[in-house]
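# Observations on the three-dimensional arrangement
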Amino acid sequence: MKNEISIGLLGLGTVGSGVATILQQHQQDLRHKLGVQVTIKKVLIKDINKERLSSLDPSVFCTDIHELLNDPSLDIIVEVMGGIDGAKNAIEEALKAGKQVVTANKDVMAEYGHELLKLADEQKCDLFYEASVAGGIPIIRTLEDGLASDRISSLMGIVNGTTNFILTKMKKENMSYADALAEATALGYAESDPSADVDGLDAARKMVILSSLAFSTEVHLDDVLIRGMKEIRDGDLDMAADFGYTMKMIGSSKKDEDGIEVAVEPVFMANSHPLASVNNEYNAVYIHGDAVGETMLYGPGAGSLPTATSVVSDIIAACRNLLLEVNGKRVHSAQHERVMKPESKQFAKYFHRVLVTDEVGVLSKMTSIYGKHGASIQSVMQHPAQEEGKAELVLLTHRISRQQHLNVLGDLEGTASVISHYRIEGEESA
């Protein structure tokens, strides 16, 4: 019977420091829960001479990753160093060495998760990755355990705190996109290069992880339709409000008899929908299960201690499995064949904002385009345009397929200037 479990920590940045802090400060609680001491024995850092706020004994620091991966005394490797190739290789080597692995790396799990989980199964090791999505929200554990008896039909959520912070500032304080992004950067919510966040790639990677798990299918990054928030135009948020909606960057995933669809894009949420009230840097995931119905998880999506809380929860799970000698007993292989929906089978309501020449017959021309593609219009509103001789039309469609939506836009762009277009969620399309 073990009386101590030893941890090797790869990285001591924002999340790594949080993990070290929790493990040090919660030792009595951990011993009570597990019955053994949990100790960080080695920590991989880049610069041995850099001053650090961590209270860890400097003797545990090292700069050679193989010193950790090849150390037989280490039971669990915790990867919080970030990046893709180096982190993936480290996880592979750790699993091949028979070590349990905990990672917070969404990039690696989105790109190589299926491969790494298969390796974990083969090596009879645990690979936990709760912190890879939504920071301190226990969404992975909820899907794997809490809702294991249910069949998930859809999930959607705000899974990127940077874009949600920016949209909140734009709506509530009437900030420009540039000013809101600058504030997000100053507060540490956005990186110096925010493209992964604002272009939707960060959220897309998280939706790959969630969709693969929820539907027990190998969903790939190429399967995700991605539209970034740079496509949002001046006045779009005000128009959303005029129609009773709030704009959010939403990751959505649905499965039915026609297959799976996954998207990340700016979306109009009905003000009555729970996701519409999620503001600032907070995340939330809204789940629909055949048995449970609708449920939502909400909380901080990033930050040192919230994310570290998820990492340490995974460490505790790995420790329990070690003590019970049941590591690697979870089955990670996909149950269902990967079938992605064609755009002709993806349905929603759409918002089209179009700049047209202000002349007799233009509305008739436009409605004929919708009719040509079988796209039914729910309502039309005209707004005065800033350009002389122009008019701005706002059209809301009934439920149409994404293919119909794209066909309509293709024809409109040949006859009018399409300013913006958004999918609408929160009503019949939810």
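In case you missed it, the structure is sitting above this.
To keep things clear, this report deals only with the structure shown in the data block. These numbers come from a predicted model, not from an experiment.

### Examining helix 2 (residues 27-34)
- Listed as buried for helix 2 are Gln27, Leu30 and Leu34. Down the axis, helix 2 shows its buried residues gathered within 65 degrees of arc, on one side only. Facing away from the buried surface of helix 2 by more than 90 degrees, the exposed residues are Gln28 and His32.
- Buried-residue contacts for helix 2 involve helix 1 (14-25), strand 2 (37-44) and helix 12 (304-324).
- Looking one or two places after helix 2, you find Gly35, whose phi comes out positive at around 85 degrees.

### A few points about the packing of helix 2 against helix 12
- The N-to-C vectors of helix 2 and helix 12 enclose an angle of 40 degrees; their axes lie 11 Å apart at closest approach. As judged from the angle between their axes, helix 2 and helix 12 are oblique. Between helix 2 and helix 12 the crossing geometry is right-handed. Facing helix 2, whose interface residues are Leu30, Lys33 and Leu34, helix 12 presents Ile316, Cys319, Arg320 and Leu323.
- Here the contact of helix 2 with helix 12 is composed, by residue class, of five nonpolar, no polar and two charged.

### Focus on the environment of Ile152
- Here Ile152 is to be found in strand 7 (residues 152-158).
- Spatially, the C-alpha atom of Ile152 lies 29 Å from that of Ile84, the residues being 68 residues apart in sequence.
- With residues up to four places along the chain from it excluded, the contact list for Ile152 reads Leu143, Leu147, Ala214, Phe215, Ile287, His288 and Gly289.

### A short note on the environment of Ser55
- Structurally, Ser55 is set in the loop between strand 2 and strand 3 (61-62).
- Ser55 sits in the exposed class, given a relative accessible area of 58%.
- Between the C-alpha atoms of Ser55 and Gln24, which are 31 residues apart in sequence, the distance is 8.7 Å.

### Considerations on the state of the cysteines
- Evaluation of the coordinates by the stated rule reveals zero disulfides.
- Lacking any disulfide linkage, Cys319 is separated from the closest cysteine sulfur, that of Cys125, by 14 Å.

### Quick word on the packing of helix 13 (residues 362-372) against helix 14 (residues 402-415)
- At their nearest, the axes of helix 13 and helix 14 sit 9 Å apart, and the two run at 155 degrees to each other. With respect to each other, helix 13 and helix 14 are oriented roughly antiparallel. Handedness of the crossing formed by helix 13 with helix 14: right-handed. Note on element contacts: helix 14 touches helix 13 through Val408, Asp411, Leu412 and Thr415, opposite Met366, Ile369, Tyr370 and Lys372.
- Along the lines of polarity and charge, the residues of the contact of helix 13 with helix 14 split into five nonpolar, one polar and two charged.

### Regarding helix 5 (residues 106-123)
- Taking 1.5 Å per residue as the helical rise, helix 5 with its 18 residues ought to reach 26 Å, whereas the 22 Å between its terminal C-alpha atoms falls clearly short.
- Residue Tyr112 marks the point of greatest curvature in helix 5, where the axis turns by about 85 degrees.
- Three or more residues of helix 5 are buried, namely Asp107, Val108, Met109, Ala110, Gly113, Leu116, Leu117, Leu119, Ala120 and Asp121.
- Against helix 4 (85-96), strand 5 (100-103), strand 6 (127-128) and helix 10 (201-215) lie the buried residues of helix 5.
- Sitting at the amino-terminal end of helix 5 is Asn105, which places a side-chain oxygen 3.2 Å from the backbone nitrogen of Asp107.

### Here we look at the nonpolar core
- Residues Leu127, Ile139, Leu210 and Ile287 are the most contacted members of the largest nonpolar core, which totals 75 residues.
- In terms of residue count, helix 10 provides more of this core than any other element does, eight residues in total.
- Ignoring sequence-local partners within four residues, the contact set of Ile287 consists of Ile139, Leu143, Leu147, Ile152, Ser154, Leu155, Gly293, Glu294, Thr295 and Leu297.

### Considering the sheet that holds strand 1 (residues 4-10)
- Sheet architecture is open: six strands sit in the order 3-2-1-4-5-6, paired in parallel fashion. Each having just a single partner strand, strand 3 and strand 6 make up the two edges of the open sheet.

### Observations regarding the pattern of salt bridges
- Under the defined criterion, the tally for this structure stands at 29 salt bridges.
- For Arg330, the salt bridge identified is with Asp145, shortest N-O distance 3.2 Å. Remark: Asp145 occurs in helix 6 (residues 139-146) and Arg330 occurs in the loop between helix 12 and strand 13 (347-357); sequence separation between them is 185 residues.
- Across the pair Arg227 and Glu231 runs a salt bridge, and its minimum N-O distance is 2.8 Å.
- A residue is classified by how much of its surface remains accessible, and Arg227, at 10% relative accessible area, is buried.
- Within this structure, Lys254, Asp256, Glu261, Lys341, Arg423 and Glu425 form a network of salt bridges that share partners.

Calculation rules
- Residues numbered from 1 in each chain as written.
- Predicted model: local features only at pLDDT ≥ 70, side-chain atom pairs only at ≥ 80, totals over all residues.
- Heavy atoms only, no water.
- Buried < 20%, exposed > 50% of the residue type's maximum accessible area, 1.4 Å probe, protein only.
- Helix = DSSP H or I, 4+ residues; strand = E, 2+ residues; numbered from the N terminus.
- Arc of directions from axis to C-beta.
- Contact = heavy atoms within 4.5 Å.
- Axes fitted to C-alpha atoms, helices over the stretch in contact; angles between N-to-C directions.
- Parallel < 35°, antiparallel > 145°, perpendicular 65-115°, else oblique.
- Left-handed = near helix turned anticlockwise from the far one by under 90°.
- Nonpolar A, V, L, I, M, F, W, Y, C, P; charged D, E, K, R; others polar.
- Disulfide = S-S within 2.5 Å.
- Expected span 1.5 Å × (residues − 1).
- Bend = angle between axes of the 7 residues up to and from the residue.
- Polar contact = N/O pair within 3.5 Å; in protein donor to acceptor, adjacent residues only side chain to side chain.
- Core = buried A, V, L, I, M, F, W, Y, C linked by side-chain atoms within 4.5 Å.
- Pairing = 2+ DSSP bridges.
- Salt bridge = Lys/Arg side-chain N within 4 Å of Asp/Glu carboxyl O.

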